[in-house]
Each structure stands twice: as structure tokens, then as C-alpha cells.
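Summary of structural features
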Amino acid sequence: MAADRFLKENGLALTTSVNRADFYYVPFYRFCGMALDYIASTVVEQQQIDFNEEIADSVVLSKKLQLKGKNFDVTIPAITDAGFGLTTLGIRPAAVPLYSFCPADIPAGAKIVNANVDCGSIVQLAQNLHSVNTNLYNQGKVLYSAMIGEQISLIYFPIWALIHQQGSNQKTIFVDALARRAYAQIDGAFELGDNLHQVIEPITITPSRHQCPNCGADLEDKPFSLYYPCTNCKRAYMLAPNGYRQIHPKTANSTKTAPFWRFPLELKGRETYKTVMDYSKILVSELSFLRKEKRDNPFYLYSPAFYAPDVGRWAEMALRLLKSQPHDQLVEKIPVAGPDLAIEQNEAKQMAAFIWKVAMTRYRKAQKDEFQVDELSLPDGEIVWLPLEDENLLSKSRNYHQVNVVSR
Ligand SMILES: [Zn+2]
């Protein structure tokens with residue numbers, strides 16, 4: 001029906017007799033990450049004219065600084081010249097429920113098409129695409145950028161190839177099996193090149209069952225989390241390259257918390273900067289008014305350790321934490337369950353360094369070499385659970401996942 005609707009709309013002869021219908025899974029690379037940009041836009045303002053002073057120039061230029069965050073999510077074909085006539089997926093991957101690949105769910109007879117585009121080139125392409133977009137939609141200069149938690153994955157998209165007879169000729173019409181809409185017709189019977197058939201058994205994601213290394217109790221099933229508390233023996237673990245690493249979580253005494261990375265920042269120039277008081281000499285308007293009790297605490301850079309659908313608010317929160325240094329009343333216990341701790345330390349360092357640059361932009365003094373921080377120069381940090389009052393962000397982040405896992 002979808003095929004005939006397309007043919008009718010294009011004034012072509014209907015399928016009448018279908019010789020064959022082949023079902024394909026066509027691969028696309030998906031690149032997604034939380035994109036952050038700090039942009040200085042030039043704003044033109046109309047100044048009030050003071051006739052007594054006879055100001056000739058009534059227009060002033062000023063710089064407006066903006067912290068922008070978005071979920072960057074693009075798909076790029078993973079095959080070249082296969083003849084499916086698809087140059088883009090045409091839909092945002094976030095709009096489609098995605099499931100981790102499971103061969104048992106693939107209908108019998110379906111052909112899985114091999115990717116033949118190198119994924120390294122896709123990363124470069126995606127990042128270029130992001131910077132082109134950023135420059136296109138923003139008037140101004142991008143001062144700093146960061147891409148946090150970027151992932152590249154393969155999406156297999158379902159396509160029907162309907163081969164039908166028209167007089168003595170065969171024709172093929174392609175149908176998007178998700179939208180149930182035909183999108184192209186070609187002459188001849190479509191055949192996939194031999195090199196594009198998937199011959200290797202695809203790798204399947206099987207959520208691993210986590211068990212407490214101490215007492216053996218089953219740990220909660222959280223396929224995207226790096227953190228696993230044991231409700232039985234009250235110990236807590238982070239995933240480590242060779243198993244688990246026990247941690248002693250510190251949390252705010254609150255019923256709504258979320259995990260954050262924090263990194264102590266120590267800078268040496270003519271003076272040593274280590275405590276909140278030291279840094280209040282640089283970040284004058286942010287830190288000078290903090291409570292007295294905080295002044296001798298070490299100064300930390302913060303990064304959220306969870307994914308959020310609203311990247312702008314997520315980034316602003318990290319900036320607020322840097323300015324409020326809210327770490328003086330934490331207790332050592334298992335925190336209440338919040339969003340999954342899913343951001344690795346290296347990604348968090350990148351975020352923390354980005355937020356530092358943003359905070360320092362307004363201060364001329366801070367542009368000196370001794371105040372430059374990059375993710376490689378930060379020491380190892382720790383995880384703390386801090387109150388997250390933004391109910392909307394909290395509930396969305398709790399339910400945020402990039403792919404569905406079918407449990408068996
Ligand atoms: Zn246990």
C-alpha cells in the first residue's frame with residue numbers, strides 16, 4: 001500500500017504484481033554528545049542621545065556572553081553507494097525508540113547490511129558539522145567549546161525493497177519500514193553487492209548481572225551506570241577496568257540528589273592558589289561573599305556525573321557549583337537514588353576545565369598563563385552527591401537513556 005501510494009502520487013504505474021520483497025537493515029552511524037559552546041556575540045545597542053552633550057555616535061557595540069548547551073545528535077550513512085537512495089536517516093534518532101541489537105529479534109530472511117565506512121572519519125565529520133551549525137545559528141565568536149560524553153554507535157534502519165513487474169521490466173521501490181512510506185523507485189531488480197552482506201555474527205549487548213564483590217547480593221540492574229551500591233551490606237562500588245573499586249560516597253543530606261565529580265584545583269604562579277579564599281582574589285564577585293566557614297576549604301571544580309536532556313541547564317548548574325562551592329556539609333553514607341552516574345572521569349575533567357574557562361572570561365587577570373587549566377592538568381577527583389532542586393531536570397535525567405535494553 002505504501003508503495004502504491006508513492007507511485008500514485010508520482011503519476012507512475014502501480015505495482016500490480018510483486019515478484020519479491022526483501023527486508024534490509026541499513027546501517028547508519030549515530031554520533032551524539034552534549035555540546036557546549038561559550039559564545040561572545042556582538043550586540044548593537046541604541047544609546048539614548050543626550051542633546052546637551054551632543055553625543056554624535058548614538059550606537060554602541062557591546063559583547064554579550066552566552067553559555068549554550070545542546071544534545072548534539074546526528075546520523076550519517078555507514079555505507080557508500082549501496083543503492084538504497086538514503087543519504088540521511090531523515091529523523092532524529094531521539095524520536096525513535098532504539099533497542100540494543102539482538103539477533104533473535106531480527107525477522108527470518110532479513111538481510112543485515114555491512115557498514116563499509118570507517119568510523120574514525122565519522123567523528124571528524126560530526127564535529128565539523130557541529131561547528132558549522134554553531135557558527136550558522138549564532139552571531140558571534142565561539143570562545144570555548146566542549147563535547148562531553150560523546151558516543152558513536154551503529155543504528156540499523158529497516159527498509160523494504162519491493163521488486164515488481166511492469167510489462168517486461170522489473171522495478172524496485174524502497175519503503176521506509178518505520179514510517180511505512182515509500183521514498184524512491186529505481187529501474188531493475190535491486191541486488192545488494194556481495195561485499196555488503198553481513199556475514200559475521202553481530203555483537204550483541206547483553207546487560208551483565210552485577211553482584212556485590214563483598215556479600216554476593218545482586219546489585220540493581222542499571223546497564224548505563226558506573227556506580228553500584230549494595231543495599232545488603234551498605235558498600236558502594238564504581239566499575240573499574242578489572243571489576244569493581246570500592247568507594248565511600250559522600251552525600252548531602254537531602255532526598256533529591258545527583259552525582260557530581262569534583263576536582264581540587266591548585267594553581268601555582270607568583271602565589272599558590274588552593275583554598276576558596278585564595279580563589280576569591282581572582283573570582284572576586286563570585287566568591288567574596290561566601291560564608292566564612294567555606295573560606296579555608298579547598299577550592300573545587302565541578303562537573304555533573306549524569307546525562308541530562310537539557311544540556312543548557314546542566315551546564316549552568318556546573319557553573320553555579322563553582323561559584324557556590326557547596327561542599328562543606330557532606331556525610332559519608334549511601335546517597336538516595338538519583339540519576340545514573342554515567343559520565344566517566346576524563347569526560348568530567350573536560351567539562352570542569354570548560355566551566356573554569358567560562359567563569360574566568362570576565363577577569364582580565366585570569367587570562368595569565370598561570371590560571372590556564374586543561375583537562376590533562378587536573379588531578380584525579382571524587383564523586384559527591386549534591387542536592388538537585390530542579391525537579392524537572394532531575395526527573396528527566398533519572399529517566400534518560402540512549403538505548404533500550406530488552407531483558408531476557
Ligand atoms: Zn554487599
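Residues numbered from 1 in each chain as written. Predicted model: local features only at pLDDT ≥ 70, side-chain atom pairs only at ≥ 80, totals over all residues.

1. Some details on the overall build of the protein chain
Of regular secondary structure, the protein chain possesses 7 helices and 16 strands. Partitioning the intrachain contacts of the protein chain with sequence separation of at least 6 by distance along the chain shows that 74% fall at a separation of at least 24. (Helix = DSSP H or I, 4+ residues; strand = E, 2+ residues; numbered from the N terminus. Contact = placed C-beta atoms within 7 Å.)

2. Some details on helix α5 (residues 311-324)
In an α-helix, one turn spans 3.6 residues; hence positions three or four apart end up facing the same way. Here α5 is 14 residues long and its end C-alpha atoms lie 20 Å apart, about the 20 Å a rise of 1.5 Å per residue gives. Listed in full, the buried residues belonging to α5 are Val 311, Trp 314, Ala 315, Met 317, Ala 318, Leu 321 and Leu 322. One side of α5 carries all its buried residues, which in axial view fall inside an arc of 150°. Just beyond α5, the residue with positive phi is Gln 325, at close to 45°. (Expected span 1.5 Å × (residues − 1). Buried ≥ 20, exposed ≤ 12 C-beta atoms within 10 Å, placed from the backbone. Arc of directions from axis to C-beta.)

3. Side note on the packing of α5 against helix α6 (residues 345-360)
Close contact between α5 and α6 brings their axes to 10 Å; oriented N to C, the two are set at 70°. Between α5 and α6, the angle falls in the class roughly perpendicular. In this structure, α5 crosses over α6, and the sense of that crossing is right-handed. Two secondary-structure elements touch here, α5 through Ala 318, Leu 319 and Leu 322 and α6 through Met 351, Ile 355, Val 358 and Ala 359. (Axes fitted to C-alpha atoms, helices over the stretch in contact; angles between N-to-C directions. Parallel < 35°, antiparallel > 145°, perpendicular 65-115°, else oblique. Left-handed = near helix turned anticlockwise from the far one by under 90°.)

4. Notes on the pairing of strand β14 (residues 300-304)
Most of β14 sits inside the fold, with 5 of its 5 residues counted as buried. Residues of β14 alternate between two faces, with Tyr 300, Tyr 302 and Pro 304 on one and Leu 301 and Ser 303 on the opposite face, all of them buried. Inspection of the sheet shows strand β11 (residues 257-264) paired to β14 by 5 bridges, in the antiparallel sense. Directly across from Arg 262, in β14, lies its bridge partner Tyr 302. (Pairing = 2+ DSSP bridges.)

5. Notes on the environment of Glu 220
By the element assignment, Glu 220 lies in the loop between β6 (181-187) and β7 (227-229). Taking C-alpha positions, Glu 220 is 8.9 Å from Thr 231, a pair spaced 11 residues apart along the chain.

6. Some words on the nonpolar core
Membership of the largest hydrophobic core comes to 79 residues, with the highest contact counts inside it found for Leu 301, Ala 352 and Ile 355. Apart from residues lying up to four places away in sequence, Leu 301 is in contact with Arg 262, Phe 263, Leu 265, Leu 322, Ala 352, Ile 355 and Trp 356. (Core = buried A, V, L, I, M, F, W, Y, C linked by C-beta atoms within 7 Å.)

7. Observations regarding the sheet that holds β14
Taken in spatial order, the 5 strands line up as β14-β11-β16-β10-β15 in an open sheet, and their pairing is mixed. Looking along the sheet, the strands with just one partner apiece sit at the ends: β14 and β15 (330-332). For this sheet the average axis-to-axis angle between neighbouring strands, irrespective of direction, equals 35°. With respect to the sheet, α6 is in contact with β11 and β14, its orientation differing from that of β14 by roughly 120°.

8. Brief notes about the sheet that holds β7
Pairing between the strands of a sheet comes from backbone hydrogen bonds, and it takes one of two forms, parallel or antiparallel. With antiparallel pairing, the 3 strands of this open sheet are ordered in space as β7-β8-β9. Two strands close off the open sheet at either side, each with one partner strand: β7 and β9 (243-247). Geometrically, the sheet is characterised by an average inter-axis angle of 35° between neighbouring strands, direction not taken into account. Relative to strand β8 (residues 236-240), β7 is paired through 3 bridges, and the arrangement is antiparallel. If you follow Tyr 227 over to β8, its bridge partner there is Met 238.

9. Some points on helix α2 (residues 119-137)
Under the 1.5 Å per step criterion, the end-to-end length of α2 is 27 Å for 19 residues, consistent within 8% with the ideal 27 Å. All of the buried residues along α2 are Ile 122, Ala 126 and His 130. Taken down its axis, α2 places every buried residue within 75° of arc, on the same side. Among the exposed residues of α2, those oriented more than 90 degrees off its buried face are Gly 120, Ser 121, Gln 124, Asn 128, Val 132 and Leu 136.

10. Remarks on the confidence of the model for the protein chain
Per-residue confidence for the protein chain gives a mean pLDDT of 85, with 88% of residues at or over 70. At the level of individual helices and strands, the protein chain shows its lowest average pLDDT in strand β2 (residues 59-77), which scores 81, and its highest in β11, which scores 96. Counting interchain partners and residues more than four positions distant, the pLDDT-below-50 stretch residues 54-58 has 5 contacts. (pLDDT = per-residue confidence, 0-100.)

11. Describing the environment of Gly 83
Of note, Gly 83 is situated in the loop between β2 and β3 (111-112). When the 17 C-beta atoms within 10 Å are taken as the criterion, Gly 83 is described as partly exposed. The spacing of Gly 83 and Phe 190 is 107 residues in sequence and 8.1 Å in space, taken between C-alpha atoms.

12. Remarks on the environment of Gln 246
Its location among the elements puts Gln 246 in strand β9. Separated by 19 residues in sequence, Gln 246 and Tyr 227 have C-alpha atoms that sit 9.8 Å apart. Non-local contacts of Gln 246, meaning those with residues more than four positions away in its chain, are made with Arg 235, Ala 236 and Tyr 237.

13. Side note on the pairing of β9
With 0 of 5 residues buried, β9 lies mostly on the surface of the structure. Two strands pair when backbone bridges link them, and β8 and β9 are joined in this way by 5 bridges, in the antiparallel orientation. Paired with Leu 239 across the bridge in β9 is Tyr 244. Between β8 and β9, which pair antiparallel in sequence order, lie 2 residues.

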